[in-house]
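Next come the chains, spelled out residue by residue.
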Amino acid sequence: MAEGGHYDIVVLGGGSGGYACALRAAELGKRVALIEKDKVGGTCLHRGCIPTKALLHAAEIADASRESEKFGIRTSFEGVDMPGVLSYQQSVVDRLWKGLQSTIASRKIDTIIGDGRLASPTSVVVGDSLYTGDHIVLATGSVPKSLPGLSIDGERIISSDEALRLDRVPASAVILGGGVIGVEFASVWQSFGAEVTIVEMLPQLLPLEDEASAKHLQRAFRRRKIGAELGVAFESVKYTDTGVAVSLANGKTLEAELLLVAVGRGPVSAGLGYEDNGVAMTRGYVDVDPLCRTSVPTISAVGDLIATPQLAHVGFAEGILVAERIGGLDVRPIDYDGVPRITYSDPEVASVGITSAQATERGITVTEANYPLGGNGRSVILQTQGQAKVIAEATPDGPGRVLGIHLVGSRVGELIAEGQLIYNWDAEPADVAALIHPHPTQSEIIGEAHLALAGKPLHFHA
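Residues numbered from 1 in each chain as written. Predicted model: local features only at pLDDT ≥ 70, side-chain atom pairs only at ≥ 80, totals over all residues. Heavy atoms only, no water.

### Details of the packing of aromatic side chains
As a reminder of what qualifies: Pairing of aromatic rings covers Phe, Tyr and Trp, the last through its six-membered ring, and needs centres within 6.5 Å; plane angles under 30 degrees mean stacked, over 60 mean edge-to-face, and all others mean tilted. For helices the rule is a DSSP run of H or I covering at least 4 residues; for strands it is a run of E covering at least 2, with both sets numbered from the N terminus onward. For every residue, the accessible area obtained with a 1.4 Å probe (protein chains only) is divided by the maximum for its type, and the residue is called buried under 20%, exposed over 50%, and partly exposed between those limits. Criterion for a charge above a ring: Arg CZ or Lys NZ at most 6 Å from the ring centre, at most 35 degrees from the ring normal.
By the definition in use, this model includes 2 aromatic pairs. Centre to centre, the rings of Tyr19 and Phe316 are 5.8 Å apart; their planes meet at 55°, and the pair counts as tilted. Of the two residues, Tyr19 sits in helix α1 (residues 16-27) while Phe316 sits in helix α8 (residues 312-326), which places them 297 residues apart along the sequence. For Phe316, a relative accessible area of 30% puts it in the partly exposed group. Measuring from centroid to centroid gives 5.6 Å for Phe185 and Trp189, while their planes differ by 50°, and the two rings are tilted. Highlighted residues: Phe185 and Trp189, both in helix α6 (residues 180-192), separated by 4 residues, approximately one helical turn. For the pair Phe185 and Trp189, a shared accessibility class is recorded, and that class is buried. Here Lys39 stacks its cationic end above the ring of Trp97, 4.7 Å away from the centre of that ring.

In structure tokens, the structure reads:
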């Protein structure tokens, strides 16, 4: 076997966690090899975050053209040119991919394209070449999951991978799974003109979000005529002359052109030599400690491969943490409650911190404020509905540390960065109430909710 070279760090997987680790390690003077079987950027750039959000923006344009007359603007909606939408989507991906390749090259990182497999605690084999490193970082990511007995054929029964490449607007679709992926595709396809029904076995859409946020989203989806079967399990699917027939545990059968299976993503770890080389795993996920160290001292793991929130920005943070730890810097574990979460549907749902239900589970007594977007000038201009909910710890002296911020409405994803600062800096409602938010902006909803919790509401009806 040919000697591929020795490095300080060999990173297996060039997605968000892997390339972030490589970039930061190179900044710290490490010699780094980045091994990727496809294209650097991974799922987020090529099959996830970026192409999905491009579709969602095209969907927003479609809705705006249909609804422009209510703003006094006369226009017409003539349909969706899916090849044109896909061309726009790919142009966005290609531009970011080229920029990422340039950034990686500028840091003198060696990129190896090929299928890598862990050969030992200090080496990765790619084809006939062996790459050795003082430290190995596993970052092989995730792929769409299905359910037992449910086969994805890529044509009538599809995953998000096929949905992103679909060159037509389906006349109708059943979406199995009401998490982020299912909700976002439901929003896109409805805007493009499809008839959509979501099936979710838990009692709310976005099960990981606050119940109040889910209720606002569900009301908005009903207004948009997006169907939802909640608290109902999937039983089976069969082919019909025009598509599929989906049978549910409540006795209903839903017929549609397509079934999108959006029940989550599973780790890519099988057959890659992890367990063979002593890496402890649970249900396919690599086990790590709070600093992303595996059971093997020379191996770390980051991103969707470990059982942490499957978000690109979590991968970035974990990759940076590992690079800095290997580089000898003082690092702290990530507080995953303090990571912002966004669902880019219409309306958007954004949050940071814990939900009311989680507070109850943890035995924390809280006080809450819910500020409706109907009291916010910018939101009225945008014709969006929703709310800002702030959860704070209840203390004998009044509201204490802010524990959660939950937003629903158009464009609220752009606001949650402030929520992240409030949560992670242990701010109290009175601290935020003292800040002046610009008027008229949607950012005022965060200020108004904190003003209410601090006992001095402004544009607020109790």
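### Here's the deal with the sheet that holds strand β15 (residues 258-261)
Condition: Pairing between strands is defined by DSSP: at least two bridges between the two strands are required.
Read across the open sheet, the 5 strands follow the order β8-β15-β9-β10-β11; overall the sheet is parallel. The sheet is open, and its two edges are formed by β8 (157-158) and β11 (227-230), each paired on a single side. The pairing of strand β10 (residues 195-200) with β11 spans 4 bridges and is parallel. By the bridge assignment, Thr197 is partnered in β11 with Gly227.

### Here we look at the environment of Ile326
For the record, the criterion: Throughout, a contact is declared for two residues whenever any of their heavy atoms are within 4.5 Å.
Checked against the element boundaries, Ile326 lands in helix α8. Placed 98 residues apart in sequence, Ile326 and Ala228 show a C-alpha to C-alpha distance of 47 Å. Aside from chain neighbours lying at most four places away, what touches Ile326 is Ile9, Lys30, His135 and Val137.

### Some points on the sheet that holds strand β14 (residues 253-256)
To keep things clear, this is the line we draw: Every angle, taken between N-to-C directions, lies between 0 and 180 degrees, and every axis is a line fitted to C-alpha atoms, over only the stretch in contact when it is a helix.
Judged by pairing direction, the sheet is antiparallel, and its 3 strands sit side by side in the order β12-β13-β14 without closing on themselves. Looking along the sheet, the strands with just one partner apiece sit at the ends: β12 (234-239) and β14. Taken pair by pair, the neighbouring strands of this sheet meet at an average axis angle of 20°, ignoring direction. Pairing between β12 and strand β13 (residues 244-248): 5 bridges, direction antiparallel. Looking across to β13, one finds that Lys238 is bridged to Ala245.

### Describing the state of the cysteines
This is how it is decided: Defined by distance alone, a disulfide is two cysteine sulfur atoms within 2.5 Å.
Applying the stated rule across the entire model yields 0 disulfides. You can see Cys21 has no disulfide; the closest cysteine sulfur is in Cys292, sitting 9.4 Å from it. Here Cys21 falls in the buried class, since its relative accessible area comes to 0%.

### Digging into the pattern of salt bridges
Rules: We count a salt bridge whenever a side-chain nitrogen from Lys or Arg sits within 4 Å of a carboxyl oxygen from Asp or Glu.
Going through the model one piece at a time under the given rule, you end up with 19 salt bridges. Between Arg117 and Asp276 there is a salt bridge whose closest N-O contact spans 3.1 Å. Here the residue Arg117 occupies a position in strand β4 (residues 116-120), and Asp276 occupies one in the loop between β16 (265-267) and β17 (281-282), the gap between them amounting to 159 residues. The closest approach of N and O atoms between Asp289 and Arg293, which form a salt bridge, is 2.7 Å. The partly exposed category is assigned to Asp289, whose relative accessible area is 25%. The class of Arg293 is partly exposed, set by a relative accessible area of 38%. In the salt-bridge network here, residues are joined through shared partners; they are Arg24, Glu27, Arg107 and Glu324.

### So, the packing of helix α3 (residues 49-67) against α6
Put simply, the rule is: Take the far helix as the reference: if the near one is turned anticlockwise from it by less than a right angle, the crossing is left-handed, and if turned clockwise, right-handed. Polarity classes work like this: nonpolar for Ala, Val, Leu, Ile, Met, Phe, Trp, Tyr, Cys and Pro, charged for Asp, Glu, Lys and Arg, and polar for all others, with Gly in that last group.
Between α3 and α6, the shortest axis-to-axis distance is 8 Å and the interhelical angle comes to 35°. Every pair of crossing elements has a handedness; the one defined by α3 and α6 is left-handed. For the pair α3 and α6, the contacting residues are Thr52, Lys53, Leu55, Leu56, Ala58, Ala59, Ala62, Asp63 and Arg66 in the first and Glu184, Phe185, Ser187, Val188, Ser191 and Phe192 in the second. In terms of residue class, the contact of α3 with α6 is built from 8 nonpolar, 3 polar and 4 charged.

### Some thoughts on helix α4 (residues 82-106)
What counts here: One less than the residue count of a helix, multiplied by 1.5 Å, gives the span that helix is expected to have.
Spanning 25 residues, α4 covers 36 Å between terminal C-alpha atoms, matching the ideal 36 Å at 1.5 Å per step. Backbone geometry just after α4 places Lys108 at a positive phi near 65°.

### Focus on the environment of Asp115
Mapped onto the elements, Asp115 comes out in the loop between β3 (110-113) and β4. Look at Asp115 and you get exposed, because its relative accessible area is 57%. Distance from Asp115 to Gly127, taken between C-alpha atoms, is 7.1 Å for residues 12 residues apart in sequence. In this view, Asp115 contacts Lys37, Val125, Val126 and Gly127; residues no more than four positions away in its chain are not counted.

### Here we look at the side chain of Ser172
Note the threshold: Each polar contact in these results corresponds to two N or O atoms within 3.5 Å; when the atoms are within protein, one needs to be able to donate a hydrogen and the other to accept it, and residues that are neighboring in sequence are counted only if both atoms are side-chain atoms.
Residue position: Ser172 is located in strand β9 (residues 172-176). Residue classification places Ser172 among the buried positions, given a relative accessible area of 16%. Engagement of the side chain of Ser172 in a polar contact is seen with the backbone nitrogen of Glu257, the distance being 3.0 Å.

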